[in-house]
Amino acid sequence: DKTGTLTEGKLAVRNIVPVDHENVELHDNTYDAFVMQCAAKSAEVRNLDDGRVIGDALDIVIKQEAAKSKHEKNTGNLVDEIPFDSRYKFSAKMYEENGTRIAYIKGAPEVLLSLSAKKHNGNFAEYIEMTAKGGIRTIAIAKMVVRNETKFSHENINDIELIGFIEFEDPVRKNVKEAISKCDRLGITPIMITGDHIETARFVGYEVGILKSKDEGVYEAQALTKMSEEEISKHIDKVRVIARATPQDKMFVIEMLHKAGKKVAMTGDGVNDAPALAASEIGISMGKSGTEVAKEASDMILTDDDFSHIVAAVIESRVVIENIRKALVFLLATSIAETIFIVGSLIIGLPLPLLPAQILWLNLVTDGFLNAALAMEDKDDIVERRLSNTYHGGLFYSFHFVRSLILGIVMALGTMIAFWIVLQNMDIKIAQTMALVLMVMYQWLIVFTIRTYKSVFRTKPHGNRAILWALLAQVVLQFLGIYTVWGNALLNTYPVGIIFWVLAFFIGSSIIV
């Protein structure tokens, strides 16, 4: 939906243009009393007991402007009304005034122009085209005398007298253009659906960046529904803006996209939007302007009706996916390293390199802190640059498994060689402590490699403060485990000299890329 999602949803009367015989007279910032009075009479608005006003956004604005400008006059009694129907694109209310039944009609300018009793010259059509191309939302106001024997219905509204036009402005949200550009990078194709004139839709679509060119990508809903499946398949990838659409047309668009194998997220706010919201993979209703029916049918409620927050939610969800993947790579890599190191050492005839208490220390203390810190990683630029199919299907792909395997093998071989060298010259307890120190050092350093897909040297080391705090806690706990009496007793460690930490750092640095 365009209104309220791509735009601010703050409709305001821009200009009132009365019709004088065969000409359209433009009066900048002038409110014609008669046009506004007729518009207010045709508005469908209800005042609730709690002070709220409900109805179509345009009607509410018309009523407010009429009251503010003192143009609304309660002359005549309301006899009957015709609600707005998207098929006919107008609504009407009938009043009895001085014994005569008069209907006041508001609707799409081109529709009311076609129902006019007079054959107007090209000025009217030119005016409608001009405002539409300028992105100005315009409605026409008309009236007609209803004979007593005539049934008041859409079909019997004809031979009307055009009174004037009301122009509305609804500013585009400031951050929408940036959000649309992000959609392209995220692999999302935004399609704008609106009930506005095709030229108005074209203007807004180009302004927000959905259209790269004004010459293509814009279709009227009626034209799409008349296409054959073969024609639709040729045009489906070109559709970016759909004008003069009804809520029923949204269902057609969803079916059209589903047949093309697309996944669809649909926004909507009205009761008639509920079927389309339910039929899409992700139905998104509007929190401010949405009806309760639309909210119930949707999967997600956009509390402030701002399109850019949909894009922000997509990015955030991908950040969550990436952080889960990083945590899984870290766990798998360290598990592979420990397994290869222990099993490999026993196979080549070395004594048990790590004791059960030391293995638990690695898995529960070292892994636990750093794994939790990785899950708090902030957004990486690559999230917006990676292909969207990277986020389809499972969490773990062959790339992540190979990455974990390579890192695990490097860690295992480095620790095994160091354990063997120390064992040749020193006591088994010192060798096991050295193996524990080196494995911990590997885990401290590997977390910086895993947290980014870029080189460690191209990232800020303080980008994730949770990792820094986790490392600080790890250093304290590790020193307590090696240089205190209770730590030596619990982990069966030996208080090795600083040279062992220096060697562990240099060996562990082989994991940094």
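(A) Spotlight on the pattern of salt bridges. Under the defined criterion, the tally for this structure stands at 16 salt bridges. Of the charged contacts, one joins D237 and K262 as a salt bridge, the two residues approaching to 3.3 Å between their closest N and O atoms. Here D237 is found in the loop between α8 (229–235) and β12 (241–243), whereas its partner K262 is found in the loop between α9 (247–259) and β13 (265–268), with 25 residues between them in sequence. Classification of D237 as partly exposed rests on a relative accessible area of 49%. K262 gets classed as partly exposed once you look at its relative accessible area, which sits at 35%. Ionic pairing is found between E322 and R325, a salt bridge with its closest N-O pair at 3.6 Å. A residue pair is termed a helical-turn pair when its members lie 3 or 4 positions apart in one helix, as E322 and R325 do in helix α12 (residues 307–347) at three residues.

(B) Here's a closer look at the packing of aromatic side chains. Inspection of every chain in the model, using the stated rule, returns eight aromatic pairs. Relative to F165, the ring of Y127 has its centre 4.9 Å away and its plane inclined at 50°; by these criteria the two rings are tilted. In this pair, Y127 sits in helix α4 (residues 122–133) while F165 sits in strand β9 (residues 161–169), placing the two residues 38 residues apart along the sequence. Both residues of the pair, Y127 and F165, count as buried. Aromatic pair F505 and F506: ring centres 5.9 Å apart, planes at 75°, arrangement edge-to-face. Residue F505 is classed as partly exposed on the basis of its relative accessible area of 40%. By relative accessible area, F506 is classed as exposed at 59%. An aromatic cluster is present here, built from W444, F479, Y483 and W501 joined pairwise through their rings. K41 extends its terminal NZ or CZ atom over the ring of Y95, reaching a point 5.2 Å from the ring centre.

Cut-offs applied
Residues numbered from 1 in each chain as written. Predicted model: local features only at pLDDT ≥ 70, side-chain atom pairs only at ≥ 80, totals over all residues. Heavy atoms only, no water. Salt bridge = Lys/Arg side-chain N within 4 Å of Asp/Glu carboxyl O. Helix = DSSP H or I, 4+ residues; strand = E, 2+ residues; numbered from the N terminus. Buried < 20%, exposed > 50% of the residue type's maximum accessible area, 1.4 Å probe, protein only. Phe/Tyr/Trp six-rings, centres within 6.5 Å; stacked < 30°, edge-to-face > 60°. Lys NZ or Arg CZ within 6 Å of the ring centre and 35° of its normal.

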